[in-house]
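Inside the fold
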Amino acid sequence: MSERYKGQPWADITGDALSHKRYRVGTVLKLLGPALAVTVLAGAPAQAVVGSVPDAGANLGFVAKVDTAGRACTGALINAWWIVTAASCFAVDGQALAPGAPAKPATVTIGRTDLTTTGGHVVAVTTLVPRPDRDLVLAKLARAVRDIVPVPLSTSPAAPDQALTAAGYGRTASEWVPDSLHTAQFTVESAGTTTFAVTGLTPDAALCKGDAGGPALREAGGRLELVGLHHTSWQGGCYAETETRRGAVETRVDDLLGWITQNAPVPSSGDFNGDGRADVAGIDGNGDMRLYVGDGAGLLSGGELMWTVQPGGWASFKAIAGGDFNGDGRADVAGIDRNGDMRLYVGDGAGLLSGGALMWTTQPGGWASFKAIAGGDFNGDGRADVAGIDGNGDLRLYAGDGAGLLSGGALMWTVPRGGWASFKAIAGGDFNGDGRADVAGIDRNGDMRLYVGDGAGLLSGGELMWTTQPGGWASFKAIAGGDFNGDGRADVAGIDGNGDLRLYAGDGAGLLSGGALMWTVPRGGWARFKAIV
């Protein structure tokens, strides 16, 4: 760790007081019987992994190198716009880290595990959201990173004797400033409320300066998930250190999913004008695509044309979906045209669309039988996909490549086959707040149901999202998902039987409430709209 806590009394997860003394190593970890006490020393920048260089197939592109005006740390990409790392990496002169812009310029290098190459991305940090009760901060990137798969967040704590992989860009046994990512294997010793202790599984495993905020990863279901961030270490085995002990302390992240989801949102897939608020785009009765700008509090205004090339040119489109399908950080519209082709209309971030390129070239007219589509990152790779109900009543996933093309067509729901035939409308969004895209849909009984995504392209569940009135959604003709009221939770906007557009606020746990008007003049003004996103 660094000098962040110089002179400040500290308490660990068990409530034991922590002492401070000056020592050349910088970060010392002391074991006091069954409890942990951490001595955080002045003048040391943080920690790095003594271990091996990961092989090319390790899929660790999400591990980030963080540079903050002469101080280096490590972090992890958790969605296209945000990384998570140690708050101490950004603190200045021992002061508590405040939310907002970094005090000093900071950059993040992602997707470049070999720092001597030019691959990946170097992106500035614009905003910090620190967690008050632990050494953790969310850092927003100046632009989206969509070609690197983020690391999923664990939702269960690290348990004693579990094996973890630690990754970092810091010092090694022989290098002061390594030019490659390194990993090492650790095992969990004990766990507490906000941290857990680890020790190396091999004699050469250690965390060193430069690793603070780096990920502690656990394998689950065939993939790595983030369970902790490197916090403090004895630094035994690190370059220029004489300490021999190699234990370390990790900051827990498994209990922060709700907080992280709310405070590190991905800009709405329906933010067509680039102001950070969810909008509604819709095909009106004249076949024009119009933009209704959201105010971030649930109301809409405007109604400007988004497509001016051909008046009424959207009249024959049977379904549309919103998302950043070409990976440029701006919301686009995908739509099934009169020929049954899926086409991409690229958003300019200011409310206009252009293009019309094919997104699916395998079979001309292959989308003719689809009755509803929705956009979202359903397979968890950081790119916008399309989910659609085909002519057989099956819900299928068409994975986006981040450049405007789709592939695949795997089933998202397998039992029963054809089970989506009676659904009249679907919408995508993270409605239960677990960081994965779900599907909400109106079933044959007029009920709104939630089908929870697993982040790998499959759905489960089918719980009611609206319990106030059974069948209360029967008259709705179109729905869209998005954070329309700006609270960080996915909502549903829908056109009711009276032609009014209403907002049903999500609670982040899969339920909806409300029903306030989003557009008041004229009443019934959405009656002729055939589709919205």
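The name an unreviewed UniProt entry gives the chain is Peptidase S1 domain-containing protein, with Micromonospora jinlongensis as the organism.

1. Concerning the environment of Val280
Mapped onto the elements, Val280 comes out in strand 19 (residues 280-283). The class for Val280 is buried, based on a relative accessible area of 0%. As a C-alpha pair, Val280 and Phe484 span 204 residues in sequence and 8.9 Å in three-dimensional space. Setting aside its immediate chain neighbours within four residues, Val280 contacts Arg290, Leu291, Tyr292, Leu300, Phe484, Leu501, Trp526, Ile532 and Val533.

2. A short note on the sheet that holds strand 9 (residues 106-110)
Taking strand neighbours around the barrel as the criterion, the six strands line up as 6-7-8-11-10-9 in a closed arrangement whose pairing is antiparallel. Taken pair by pair, the neighbouring strands of this sheet meet at an average axis angle of 40°, ignoring direction.

3. Some points on the nonpolar core
With 48 residues, the main nonpolar core has Ile78, Ile83, Ile110, Leu138 and Leu226 as its most contacted residues. Where this core is concerned, the elements lending two or more residues are strand 6 (63-68), strand 7 (71-79), strand 8 (82-85), strand 9, strand 10 (121-131), strand 11 (136-141), strand 17 (223-233) and helix 1 (257-263).

4. Here's the deal with the sheet that holds strand 20 (residues 289-294)
With antiparallel pairing, the four strands of this open sheet are ordered in space as 21-20-19-38. Edge positions in the sheet fall to strand 21 (300-305) and strand 38 (531-532), since each has one partner strand and no second. Of the pairings in the sheet, the one linking strand 19 to strand 38 comprises two bridges and is antiparallel in character. What sits directly across from Gly282, in strand 38, is Ile532.

5. Here we look at the packing of aromatic side chains
This structure, assessed with the given rule, holds 26 aromatic pairs. For the pair Tyr292 and Trp526, a centre-to-centre distance of 4.6 Å together with 55° between the ring planes defines the contact as tilted. Of this pair, Tyr292 sits in strand 20 while Trp526 sits in the loop between strand 37 (512-517) and strand 38, placing them 234 residues apart in sequence. The buried category is assigned to Tyr292, whose relative accessible area is 7%. Each ring, one from Phe370 and one from Tyr398, has its centre 5.9 Å from the other, and the planes form 70°; the classification is edge-to-face. Here the residue Phe370 occupies a position in the loop between strand 25 (353-358) and strand 26 (372-376), and Tyr398 occupies one in strand 28 (residues 395-400), the gap between them amounting to 28 residues. The class for Tyr398 is buried, based on a relative accessible area of 8%.

Definitions and limits used
- Here, residues in each chain are numbered from 1, in the same order as that chain's written sequence.
- The predicted origin of the model limits local features to residues at a pLDDT of at least 70 and limits the giving and counting of side-chain atom pairs to 80 or more, whereas totals for whole chains, interfaces and linings rest on all residues.
- With hydrogens and water set aside, each side-chain value is computed from the structure's full complement of heavy atoms.
- Only DSSP runs of H or I with at least four residues qualify as helices, and only runs of E with at least two residues qualify as strands; both kinds are numbered from the N terminus onward.
- Only protein chains enter the accessibility calculation, which uses a 1.4 Å probe. A residue is then buried if its area is under 20% of the maximum for its type, exposed if over 50%, and partly exposed in between.
- Contact criterion: two residues are considered in contact whenever any of their non-hydrogen atoms come within 4.5 Å of each other.
- Pairing between two strands is assigned when DSSP locates at least 2 bridges connecting them.
- Helix axes use the C-alpha atoms of the stretch in contact, all axes being lines fitted to C-alpha atoms, and the angles between their N-to-C directions lie in the range 0 to 180 degrees.
- Within this scheme, the nonpolar core is defined by two criteria: the residues are buried Ala, Val, Leu, Ile, Met, Phe, Trp, Tyr or Cys, and they are joined through side-chain atoms within 4.5 Å.
- Pairs were defined over the aromatic rings of Phe, Tyr and Trp, the Trp ring being its six-membered one, requiring ring centres within 6.5 Å. Orientation was assigned from the angle between planes: stacked under 30 degrees, edge-to-face over 60, tilted for the rest.

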